[in-house]
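Chain by chain, the residues:
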Amino acid sequence: MAGRSQASAGELLELVRSGRATTRGALQQATGLSRATVGQRLDRLFRAGWLREGAGGPVDSPLGGRPSITLEFDASHAVVLAADLDTRHARAAVLSLAGELLAERTGTLVIEDGPESVLGELGGWFAGLLAEAGHGAAEVCGIGLAVPGPVDRVTGRVVQPPIMPGWDGYDIRGRLSRAYTEHTGGPAVPVLVDNDANLMAYGEQRTGHPDCSAFVLVKVSTGIGAGVVVGGSIYRGIDGGAGDIGHIRVGADAQCRCGSYGCLAAVASGGAVARRLAEAGVPAASGSDVRDLLAAGHPEAMALAREAGRRVGDVLATVVTLLNPGVLMIAGDLAGTPFLTGVRELLYQRALPRSTAHLDVVTSRLGERAGLIGAGILVVEYLYAPARVEERLLALGV
């Protein structure tokens, strides 16, 4: 740790939360701080309600004595609100700081209705969920939101989103914060916004593959997007556009919703498969309709899903060669056996053996909740980062 002798209360909390040092003695050893200084800084964390004492740990001395008292992050002192918007439906939840789902709601929210309407209604959802979970607005420490478009990390605004008409450059953070306050009466809290595939990847990597240093998740629903986690952090690119593989040109003549022709999403997304099924007389209007048909074993849907998988697998051969990930996860409406089979056929055929020798191609573990979990983790990691901890402790007067 840089500046060992100057380790702050926030850095001590980070050591406890990560499990790297969970006793006072271990914190002294890790930071070089004196016993008195460690005690003073821990006292601030105890007074804030963020830290608690756990069970006694093993006796460190061969001469015996009392066991060391372990320290734990108290995940019960606050809750997080999270929401994941898709093109025609949404999912929202109250989460504990440890990622436990305390209350959840799914329902219809049409992204094309625009941010004013959608975010206003989401504020009402949050109020109902808090009541259901038995928590008050004063216990909420932050809100995380996943959206189906590229997001500028600095501003929290979507940038030229192909499937979010009316949202480009809109102040999502401000509107959702106001909607939350209007519906709950609670104080303003931080609102973090990120791309849905990014947050799905973050949630899956942190909960299921924490040791994977290069992780890629591909979401194939109404559109196609990828989330990349490198070294435990989301890779977003310069302005949030990383992972937008649905708009890689694949040589087809189909027009994409972005206005261009030949995009991968125009021929291999859930929306594209739904369109082809509808043209064949099979009722399907969206990726979720295709998912239902696949679950029912509909032969034409399965054949088209496999073909779409081959298209995506061809593109992913380049992605895998470029990033050399340890895990490639397929998620979204089409993430079933037919699509995955198609992906593997072209991926292993086109990519060099060196790129796939240590690659696991898997499907989502968290399913439709991945974006929610990732949004919750994003908020917690933001609020309890060492520098932020210092700011918040000062604001609390401890």
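Values in this document were obtained by computation on a predicted structure and should not be read as measured data. (Residues numbered from 1 in each chain as written. Predicted model: local features only at pLDDT ≥ 70, side-chain atom pairs only at ≥ 80, totals over all residues. Heavy atoms only, no water.)

**Q** For the nonpolar core, give the residues involved together with the corresponding values.
**A** Membership of the largest hydrophobic core comes to 52 residues, with the highest contact counts inside it found for Leu 27, Leu 45, Trp 50, Leu 97 and Tyr 384. Broken down by element, this core gets its largest block of residues, nine residues, from helix H13 (residues 370-383). Those residues within four positions of Trp 50 in sequence are excluded, and the remaining contacts are Leu 13, Leu 45, Glu 72, Phe 73, Asp 74, His 77, Tyr 384, Val 389, Arg 392, Leu 393 and Leu 396. Core analysis: the second largest hydrophobic core is formed by 43 residues, Val 220, Ile 224, Val 319 and Val 343 among them. (Core = buried A, V, L, I, M, F, W, Y, C linked by side-chain atoms within 4.5 Å. Buried < 20%, exposed > 50% of the residue type's maximum accessible area, 1.4 Å probe, protein only. Helix = DSSP H or I, 4+ residues; strand = E, 2+ residues; numbered from the N terminus. Contact = heavy atoms within 4.5 Å.)

**Q** Break down the pattern of salt bridges for me, citing the residues and quoting the values.
**A** Overall, the coordinates contain 25 salt bridges when judged by the stated rule. Taking the shortest distance from any N to any O, the salt bridge between Arg 369 and Glu 104 comes out at 2.8 Å. Of this pair, Arg 369 sits in the loop between strand S12 (360-363) and H13 while Glu 104 sits in strand S5 (residues 101-108), and the two are 265 residues apart along the sequence. The shortest N-O distance in the salt bridge between Asp 292 and Arg 291 comes to 3.8 Å. When salt bridges that share partners are traced, they join Arg 91, Glu 104, Arg 291, Asp 292, Asp 333, Glu 368 and Arg 369 into one network. (Salt bridge = Lys/Arg side-chain N within 4 Å of Asp/Glu carboxyl O.)

**Q** Please give an account of the sheet that holds strand S6 (residues 140-147) that cites residues and values.
**A** Judged by pairing direction, the sheet is mixed, and its five strands sit side by side in the order S5-S4-S3-S6-S7 without closing on themselves. Lying at the two open borders of the sheet, with one neighbouring strand each, are S5 and strand S7 (191-195). Going from strand to strand, the sheet's axes swing by 15° on average, the running direction of each strand aside. Strand direction decides the pairing type here: strand S3 (residues 79-85) and S6, joined by six bridges, are parallel. Looking across to S6, one finds that Val 79 is bridged to Val 140. On top of the sheet, helix H4 (residues 115-133) reaches S3, strand S4 (89-96), S5 and S6; it is set at about 145° to S5, its chief contact. Across the face of the sheet, H13 comes into contact with S3, S4, S5, S6 and S7 while running at roughly 135° to S3. (Pairing = 2+ DSSP bridges. Axes fitted to C-alpha atoms, helices over the stretch in contact; angles between N-to-C directions.)

**Q** Kindly report on helix H6 (residues 196-208), identifying the contributing residues and their values.
**A** Compared with the 18 Å implied by 1.5 Å per residue over 13 residues, the 18 Å span of H6 between its first and last C-alpha is a close match. The opening residue of H6 is Asn 195, an N-cap whose side-chain oxygen sits 2.9 Å from the backbone nitrogen of Ala 197. (Expected span 1.5 Å × (residues − 1). Polar contact = N/O pair within 3.5 Å; in protein donor to acceptor, adjacent residues only side chain to side chain.)

**Q** Describe the packing of aromatic side chains, with residues and values.
**A** If you walk through the whole model with that rule in mind, you get two aromatic pairs. Considering the side-chain rings of Trp 50 and Tyr 384, the 5.4 Å spacing of their centres and the 80° angle between planes classify their relative orientation as edge-to-face. With a gap of 334 residues between them, Trp 50 in the loop between helix H3 (35-48) and strand S1 (51-56) and Tyr 384 in the loop between H13 and helix H14 (386-396) connect regions that are remote in the sequence. Here Trp 50 matches Tyr 384 in class, with each residue buried. Aromatic side chains Phe 73 and Tyr 384 sit 5.1 Å apart centroid to centroid with 75° between the ring planes, which places their arrangement in the edge-to-face category. Within this pair, whereas Phe 73 is found in strand S2 (residues 69-73), its partner Tyr 384 is found in the loop between H13 and H14, the two being separated by 311 residues in sequence. In textbook terms, an aromatic cluster arises when at least three aromatic residues are bridged by ring pairs, as seen for Trp 50, Phe 73 and Tyr 384. The side chain of Arg 392 reaches across the aromatic face of Tyr 384, ending 4.7 Å from its centre. (Phe/Tyr/Trp six-rings, centres within 6.5 Å; stacked < 30°, edge-to-face > 60°. Lys NZ or Arg CZ within 6 Å of the ring centre and 35° of its normal.)

**Q** Give a description of H4 that names residues and reports values.
**A** With 19 residues, H4 should cover 27 Å at 1.5 Å per step; its first-to-last C-alpha distance of 26 Å lies within 8% of that length. Residues of H4 that are buried: Pro 115, Val 118, Leu 119, Gly 120, Leu 122, Gly 123, Trp 125, Phe 126, Leu 129 and Leu 130. Looking at the buried positions of H4, the neighbouring elements they touch are S3, S4, S5, S6 and helix H5 (172-184). Gly 134 occupies a position one or two residues after H4 and carries a positive phi of about 75°.

**Q** Any chance you could break down the sheet that holds S12 for me, citing the residues and the numbers?
**A** One open sheet accounts for five strands, arranged S10-S9-S8-S11-S12; its pairing is mixed. Unpaired on one side and paired on the other, strand S10 (233-234) and S12 mark the two borders of the sheet. Of the strand pairs in this sheet, strand S9 (residues 224-230) and S10 are connected by two bridges, and their pairing is antiparallel. Pairing of Val 230 across the sheet is with Ser 233, part of S10. Packed onto the sheet, H6 meets strand S8 (214-220), S9, S10 and strand S11 (327-331) and runs at close to 45° relative to S9. Contacting S8, S11 and S12, helix H11 (residues 337-350) crosses the sheet at an angle of about 165° to S12.

So, to be careful, I would describe these as geometric facts and stop short of saying anything about function.
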